[in-house]
Amino acid sequence: MQLVGISASVVVGTLVVVVLWALRQRLRARERDLERKAQELAVSRAAEQRLTEELVDARRAEEEARRAKVEAEAASRAKSAFLANMSHELRTPLNSILGFAQLMERDVSLGDRHRENLAVICKSGEHLLGLVNDILEMAKIEAGRMTLAEADFDLHGMLSGLSEMFAVEAQKRGLTLTVEREPDVPQLVHGDEGKLRQVLINLLGNALKFTPRGSVTLRAWARRATGVREGGVREGGAHDGATGGRARVSFEVTDTGRGMAEEELAELFEAFAQTASGRRSREGTGLGLHISRRIVRMMGGDMHVESQLGRGTTLRFDVRLTLPDAGGARLSAAPRSRRVVGLAPGQPRYRVLVVDDRWDVRHCLLKLLDSVGVEVRSATNGLGAVAQWETWSPHLVLLDLRMPLLDGYEAASRIKSSPRGRETVVVAMTASAFEQNRSLAAEAGCDDFVSKPFRDADIFNLLTKHLGARFEHEDRPAASKAPAPAARSVDLARAAAELPPSLRKDLRRAATRLDAKAVQATIEQFRPEDAELAGAVAELARGYRFDSILALSSADEEEPS
């Protein structure tokens, strides 16, 4: 150090400064590291706090979802109970209305005027029942309770029956009704005949209602594919029933009516939605097409619409049906529209027990069965049913399911619990619209099931099916089913178009107001010139078919805007 002229103290001082600087730098780095770790810790604690809050929110949401599920299930059960009660309360009085009307129709001493009045009661009751069924079907769809009741049925016979059903209505409106069935449509199929018929009735009824002139056509065909090329040429070959035992059957209802605008088609299948034509007609609930499309989708198909304003509408759908084995049940043609007048000779005296807590239901069935020679007794609840069965040994028990003291389920279970009871036929009766009652009744031991309101033919068919009873029928068709005077071979629309404009205007105004007296007064003004047309319109007025009168009186008018 002396050689370079640097003293030891300077060197030592310099080294000390360097060491202190290095220590200070390290201390600052350590402070920065601690500060960074403190920030990371704060962030971690904030994240942990957020996570804790999220977990609390998630637990709260889970608890709310659980509570909402419990409330929804309770609401669904309450809704189902309400619908069951409403179904029972609405359909039970309809059962009495239609049942007693049918009983009165059996009275051979009734005059034509009384039979016409009874026909109006029956027609109005059937219309009301249709509206009730539409609303209940919609409720069952929302509740997820609609099911298919599949069985073998005659598809050709069903289409023929629809043609007969709507032929008179088409003639009254001056329309041409055509039912076309291609040769490849199978005759005996397995599916839900009732729901398929419901869809076709809805489509045909709408087509006739909204077609003032021209024609309505129902077509049916079976194909592998249901698509339609441009120009109306159908695709596909023979139906796939040849392999796999299934067929896809397509149906098409075409009319030459008012048609629909493009904006109306978008909401055509919405619940409670009606087109402009539907609102003008003031008929229906706007549920028919919504329910029909849901039914078609349940049956493995779909429904589509094509329409042009002023040129008509085509509704097309397809369903999947099973083809029964070739060795299955043969089709039988039961006599149509022939009223039962009594038991055929050479049969035992059948005993039937009617069990219902409502006097009107019991009385109706007692009168009906007694009128054909069946021995019948009644009970008002399940306890009485069991007691009557023990002492009287009926062949068949018609058992209401909803009764006080002891309901029909328990009564059936008690009767069927013994060997003697298993030989007794127990048929459950209910006004409920839910299919689950059928399975519950079967679990209780019931052999069959009938829904209210039932027809007299339903009761006689039960006796034939389960007891082998044979009935005698009257030689001529039932009077109420005979063609009405208005169902004649004449173009009513053309005849109405020849009336003076003032009379057509008066008739149209009276029909719009649903004023039967005003309609009758207008009829009397042109009766001398056209008694046949006057009689036809008078019959429509007696049947409250103001829609048909309106269609006739507007037959030559321009479509309303």
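Everything here concerns the structure above.
Residues numbered from 1 in each chain as written. Predicted model: local features only at pLDDT ≥ 70, side-chain atom pairs only at ≥ 80, totals over all residues. Heavy atoms only, no water.

1. Side note on the overall build of the protein
The following threshold applies: Secondary structure elements are defined from DSSP: runs of H or I of at least 4 residues count as helices, runs of E of at least 2 residues count as strands, and each element is numbered from the N terminus. A 1.4 Å probe rolled over the protein chains alone gives each residue an accessible area, and that area as a share of the maximum for its type sets the label: buried under 20%, exposed over 50%, partly exposed in between. A contact between two residues is defined here by any heavy atoms of the two lying within 4.5 Å. Accessibility throughout is a Shrake-Rupley quantity obtained with a 1.4 Å probe, and a residue counts as covered only by protein chains that appear here.
Helices and strands together make up the secondary structure of the protein, namely 18 helices and 14 strands. Going through the 561 residues of the protein one by one, you find that 41% of them count as buried. Put simply, of all contacts in the protein between residues at least 6 apart along the chain, 72% involve residues at least 24 apart. Accessible surface, the protein: about 30,100 Å² in total, of which carbon and sulfur atoms supply 53%.

2. Some thoughts on the pattern of salt bridges
This is how the line gets drawn: By definition, a salt bridge exists where a carboxyl oxygen of Asp or Glu is found within 4 Å of a side-chain nitrogen of Lys or Arg.
The final tally for this structure, using the stated rule, is 22 salt bridges. In this structure, arginine 316 engages glutamate 252 in a salt bridge whose closest nitrogen and oxygen atoms are separated by 2.8 Å. Highlighted residues: arginine 316 in strand β7 (residues 312-322) and glutamate 252 in strand β5 (residues 246-255), separated in sequence by 64 residues. Given the relative accessible area of 13%, arginine 316 is considered buried. Owing to a relative accessible area of 9%, glutamate 252 belongs among the buried residues under this scheme. A salt bridge links aspartate 302 to arginine 293, with the shortest nitrogen-to-oxygen separation between them at 3.4 Å. Each of Glu180, Arg219, Glu252, Glu306 and Arg316 takes part in one network of salt bridges that share partners.

3. Considerations on the nonpolar core
The condition that has to hold: Residues belong to a common nonpolar core when they are buried Ala, Val, Leu, Ile, Met, Phe, Trp, Tyr or Cys residues joined through side-chain atoms within 4.5 Å.
Judged by nonpolar contacts, the single largest core of 38 residues is most densely connected at Leu155, Leu196, Leu200, Phe251 and Phe317. Put simply, the parts of the chain that give this core at least two residues each are α3 (155-172), α4 (193-209), β4 (215-222), β5, α7 (288-298), β6 (303-308) and β7. A per-element tally of this core places α4 first, with seven residues. Once you skip the residues sitting within four places of it in the chain, leucine 196 turns out to touch Phe153, Leu155, Met158, Phe251, Met299, Phe317 and Val319. Listed in part, the 27 residues of the second largest apolar core include Val352, Val372, Leu396 and Leu463.

4. A look at the pairing of β7
Rules: Strand pairing requires that DSSP identify at least two bridges connecting the strands.
The buried count for β7 comes to nine of eleven residues, which makes it a mostly enclosed element. One ladder, built from six bridges, connects β6 with β7; its direction is antiparallel. Looking at the pairing, serine 307 lines up with threonine 313 of β7. Taken together, β6 and the strand that follows it, β7, pair antiparallel across an intervening segment of three residues, in which glycine 310 is found at a positive phi of about 80°.

5. A closer look at the sheet that holds strand β13 (residues 448-451)
This is how the line gets drawn: Axis geometry follows a simple rule: fit a line to the C-alpha atoms, using only the stretch in contact for helices, then measure angles between N-to-C directions, giving values from 0 to 180 degrees.
With respect to topology, five strands assemble into an open sheet ordered β10-β9-β11-β12-β13, the strand pairing being parallel. Only two strands of the sheet have a single partner each, and these edge strands are β10 (375-379) and β13. Strand after strand, the sheet turns through a mean of 20° between neighbouring axes, direction not considered. Sheet topology note: the strand β9 (residues 351-355)/strand β11 (residues 396-400) ladder contains four bridges and is parallel. Its bridge partner being in β11, valine 354 is matched across the sheet by leucine 398. Each of β9, β10 and β11 is contacted by helix α9 (residues 382-392), which is oriented at about 145° to β10, the strand it contacts most.

6. Here we look at the pairing of β5
Burial analysis of β5 places eight of its ten residues in the buried class, the great majority of the element. As judged from the ten bridges shared by β5 and β7, these two strands associate in the antiparallel manner. Within the sheet, the bridge partner assigned to glutamate 252 lies in β7 and is arginine 316.

7. Notes on α4
For clarity, the cut-off: Here the expected length of a helix is defined as 1.5 Å per residue gap, with one fewer gap than residues. Whenever a nitrogen or oxygen atom comes within 3.5 Å of another N or O atom, the pair is scored as a polar contact, on the condition that within protein one atom can donate a hydrogen and the other can accept it, and that pairs from neighbouring residues in sequence are kept only if both atoms are in side chains.
Between the first and last C-alpha of α4 there are 24 Å, a value that for 17 residues agrees with the 24 Å anticipated at 1.5 Å per step. Inspection of α4 places Lys195, Leu196, Val199, Leu200, Asn202, Leu203, Leu204, Asn206, Ala207 and Leu208 among the buried residues, and these make up the whole buried set. Two or three places before lysine 195, at the start of α4, stands the capping residue aspartate 192, its side-chain oxygen 3.1 Å from that residue's backbone nitrogen.

8. Re the side chain of threonine 424
For threonine 424, the position within the fold is in the loop between α11 (419-422) and β12 (425-430). The class of threonine 424 is buried, set by a relative accessible area of 5%. At a separation of 3.0 Å, a polar atom in the side chain of threonine 424 contacts the side chain of tryptophan 389. Beyond its immediate chain neighbours, meaning those up to four positions away, threonine 424 contacts Trp389, Pro394, His395, Val397, Lys416 and Asp447.

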